[in-house]
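Descriptive analysis of the structure
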Amino acid sequence: MTPKFNKAHMLAFLLPTALLAGAYGSQYIGGLFPCEMCWWQRYPHFAAVAIALVAFCVSNAAYRNVLVALAALAIATSGLIGGFHAGVEYGYWEGLTACTATISGSGDDLLKSIMNAPLLRCDVAPWTLFGISLAGYNFLLSFGGAMLILAMIWRRKKI
């Protein structure tokens, strides 16, 4: 295993882990609850983390290479979903879902919870930095990071 492959493998594990940590941090610490499309962006990151962890356990370099590439494709998928979501937030196109709300409770409290639940719109960015929403940053970091991982693997094969 070359040092470049180690870096690609570590990046395939650390990038989605860091982005998930940021998403959960913004949710539980920052109070930015995710809409439905935000959740869609998390699922491929979960898959990428799991695939990268499995790759750490594989001794065959060819299989490990394939697993890291699959993790990179999962990261890219999250980025593409983020790009679509950012386009919905910026009004470039219409989203695929209705708005969502978080509900908790049981019995009589359930109806009250439903009626008082905050509405989480997919077409409104709850937070931006330099005009870029969290979905936009996910697109930039995930898709860019995935392309970097794939390039690192590709360069290794050519050498």
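This text follows the structure it describes.
Now for a description of the structure that goes with this document. (Residues numbered from 1 in each chain as written. Predicted model: local features only at pLDDT ≥ 70, side-chain atom pairs only at ≥ 80, totals over all residues. Heavy atoms only, no water.)

Moving on: the overall build of the chain. The secondary structure content of the chain amounts to five helices and four strands. Order of helices (α) and strands (β) in the chain, N terminus to C terminus: α-α-α-β-α-β-β-β-α. A total of 159 residues make up the chain; the buried ones form 35% of that total. A fraction of 73% describes how many contacts in the chain between residues 6 or more apart in sequence connect residues 24 or more apart. (Helix = DSSP H or I, 4+ residues; strand = E, 2+ residues; numbered from the N terminus. Buried < 20%, exposed > 50% of the residue type's maximum accessible area, 1.4 Å probe, protein only. Contact = heavy atoms within 4.5 Å.)

Next up on the list: the packing of helix H2 (residues 36-57) against helix H3 (residues 61-89). Contact pair H2 / H3: the axes reach a minimum separation of 8 Å and the direction vectors enclose 170°. Classified by the angle their axes make, H2 and H3 are roughly antiparallel. Its residues assigned to classes, the contact of H2 with H3 comprises 18 nonpolar, six polar and one charged. (Axes fitted to C-alpha atoms, helices over the stretch in contact; angles between N-to-C directions. Parallel < 35°, antiparallel > 145°, perpendicular 65-115°, else oblique. Nonpolar A, V, L, I, M, F, W, Y, C, P; charged D, E, K, R; others polar.)

Right, let's talk about the nonpolar core for a bit. Among the nonpolar cores identified, the biggest contains 18 residues, and Ala-8, Ala-12, Ala-48, Val-68, Ile-75, Ile-149 and Ile-153 are the most heavily contacted of them. At the level of elements, helix H1 (3-28), H2, H3 and helix H5 (134-158) are the ones that each hand at least two residues to this core. Sorting elements by how many residues they give to this core places H3 first, with eight residues. Among all residues touching Ile-75, those that are not within four sequence positions of it are Ala-12, Leu-15, Pro-16, His-45, Ala-48, Ser-142, Ala-146 and Ile-149. (Core = buried A, V, L, I, M, F, W, Y, C linked by side-chain atoms within 4.5 Å.)

Approximately 460 Å³ is the volume attributed to the largest pocket. Residue assignment for the lining of the largest pocket shows that the elements contributing at least two residues are H1, H2, H3 and H5. Among the elements that line the lining of the largest pocket, the one with the most residues is H1, at six residues. The class makeup of the residues in the lining of the largest pocket is 14 nonpolar, six polar and two charged. (1 Å grid on protein atoms, 1.4 Å probe; cavity = no way out; pocket = protein on both sides within 12 Å on 5 of 7 lines; lining within 4 Å. Points joined across faces, edges and corners; volume = space filled by probe spheres on them.)

Take the packing of aromatic side chains next. Applying the stated criterion across every chain, the model contains seven aromatic pairs. Ring centres of Phe-13 and Phe-56 lie 5.8 Å apart, and the angle between their planes is 80°; on these two criteria the pair is classed as edge-to-face. Within this pair, whereas Phe-13 is found in helix H1, its partner Phe-56 is found in helix H2, the two being separated by 43 residues in sequence. Judged by its relative accessible area of 19%, Phe-13 falls in the buried class. According to the relative accessible area criterion, Phe-56 is partly exposed, its value standing at 41%. Ring geometry for Tyr-90 and Tyr-92: centres 5.8 Å apart, planes at 55°, overall tilted. Among the residues examined, Tyr-92 registers a relative accessible area of 59% and is labelled exposed. (Phe/Tyr/Trp six-rings, centres within 6.5 Å; stacked < 30°, edge-to-face > 60°.)

For H3, with 29 residues, the first-to-last C-alpha span of 42 Å sits near the 42 Å given by 1.5 Å per residue. Where H3 begins, one side-chain oxygen reaches toward the backbone nitrogen of Ala-62, 2.8 Å away; that side chain belongs to Asn-60. Residue Gly-91 follows H3 closely and has a positive phi angle near 80°. (Expected span 1.5 Å × (residues − 1). Polar contact = N/O pair within 3.5 Å; in protein donor to acceptor, adjacent residues only side chain to side chain.)

This paragraph deals with a nonpolar patch on the surface. A cluster of nonpolar side chains, contributed by Met-10, Leu-14, Leu-53 and Phe-56, occupies part of the molecular surface with about 350 Å² of accessible area. Elements represented by at least two residues in the nonpolar patch include exactly H1 and H2. (Patch = residues over 30% accessible without salt bridge, like charges linked within 9 Å, V, L, I, M, F, W, Y side chains within 5 Å. Areas by Shrake-Rupley, 256 points an atom, 1.4 Å probe, with all protein chains shown as cover. Salt bridge = Lys/Arg side-chain N within 4 Å of Asp/Glu carboxyl O.)

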